[in-house]
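Reading the structure
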Amino acid sequence: MRISLWGKLFVALLTVVLGVVVGSLDVSQIGLVLPAALLLASGVLLGALNPRLAWIWAAVMGLCLVSARAAADAISSHSAYATALMPLVLVPLLVAIAGVAAGSALRRLAPEAP
């Protein structure tokens, strides 16, 4: 199944919106479970919508969290992550990659609609 240009643009816009929501929730939340679960669920949704570009959705979602953390540090806002750079970059990317991989696998395993 091929997705039109408008469909790809919609998924790209949805990716950025979900990334901003997860990033702002990550900065404002004390715990890490809710942002991680939302990132994973968003990744599954995006991976199922367009599995061919799943790696792009994972990168955008993961980098939105990193950008939100950088913005929070720039304005001296409190965030739940430690200040170490490597876990800050790798953890969101790994969660996003796991989500889009699960979504892509679900899309490939699902039977085609008649």
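Note that the structure is a prediction, hence the values are computed from the model and not measured.

So, how was this worked out
- Residues numbered from 1 in each chain as written.
- Predicted model: local features only at pLDDT ≥ 70, side-chain atom pairs only at ≥ 80, totals over all residues.
- Heavy atoms only, no water.
- Helix = DSSP H or I, 4+ residues; strand = E, 2+ residues; numbered from the N terminus.
- Buried < 20%, exposed > 50% of the residue type's maximum accessible area, 1.4 Å probe, protein only.
- Contact = heavy atoms within 4.5 Å.
- Areas by Shrake-Rupley, 256 points an atom, 1.4 Å probe, with all protein chains shown as cover.
- Axes fitted to C-alpha atoms, helices over the stretch in contact; angles between N-to-C directions.
- Parallel < 35°, antiparallel > 145°, perpendicular 65-115°, else oblique.
- Left-handed = near helix turned anticlockwise from the far one by under 90°.
- Nonpolar A, V, L, I, M, F, W, Y, C, P; charged D, E, K, R; others polar.
- Expected span 1.5 Å × (residues − 1).
- Arc of directions from axis to C-beta.

**Description of the overall build of the chain**
A tally of helices and strands in the chain yields 4 helices and 0 strands. By the burial criterion, 32% of the 114 residues in the chain qualify as buried. Considering only residue pairs separated by 6 or more positions, the chain has 77% of its internal contacts joining residues 24 or more positions apart. Here the chain has roughly 6,800 Å² of accessible surface; of this, 77% comes from carbon and sulfur atoms.

**Overview of the packing of helix 2 (residues 33-49) against helix 3 (residues 54-74)**
The contact between helix 2 and helix 3 brings their axes to 10 Å, and the two run at 155°. Taken together, the axis directions place helix 2 and helix 3 in an arrangement best described as roughly antiparallel. The hand of the helix 2/helix 3 crossing is right-handed. On helix 3, the residues touching L39, S42 and L46 of helix 2 are W57, M61 and L65.

**A word on the packing of helix 1 (residues 5-28) against helix 2**
Between two packed helices, both the angle of their axes relative to each other and the distance between the axes serve to describe the pair. Put simply, helix 1 and helix 2 touch, their axes get as near as 9 Å, and they point 175° apart. In terms of axis orientation, helix 1 runs roughly antiparallel to helix 2. Across from V11, L14, T15, L18, V21, V22, L25 and D26 in helix 1, the residues of helix 2 making contact are L34, P35, L38, L39, S42, L45, L46 and L49. Residues that form the contact of helix 1 with helix 2 fall into these classes: 13 nonpolar, 2 polar and 1 charged.

**Description of helix 2**
Helix length check: helix 2, at 17 residues, gives a terminal C-alpha distance of 24 Å against a target of 24 Å (1.5 Å per residue), a fit within 8%. Those residues of helix 2 that sit buried are P35, L39, S42, G43, L46 and G47. The buried residues of helix 2 all sit within an arc of 130° when viewed along its axis, so they share a single face.

Shape descriptors only; they carry no functional weight alone.
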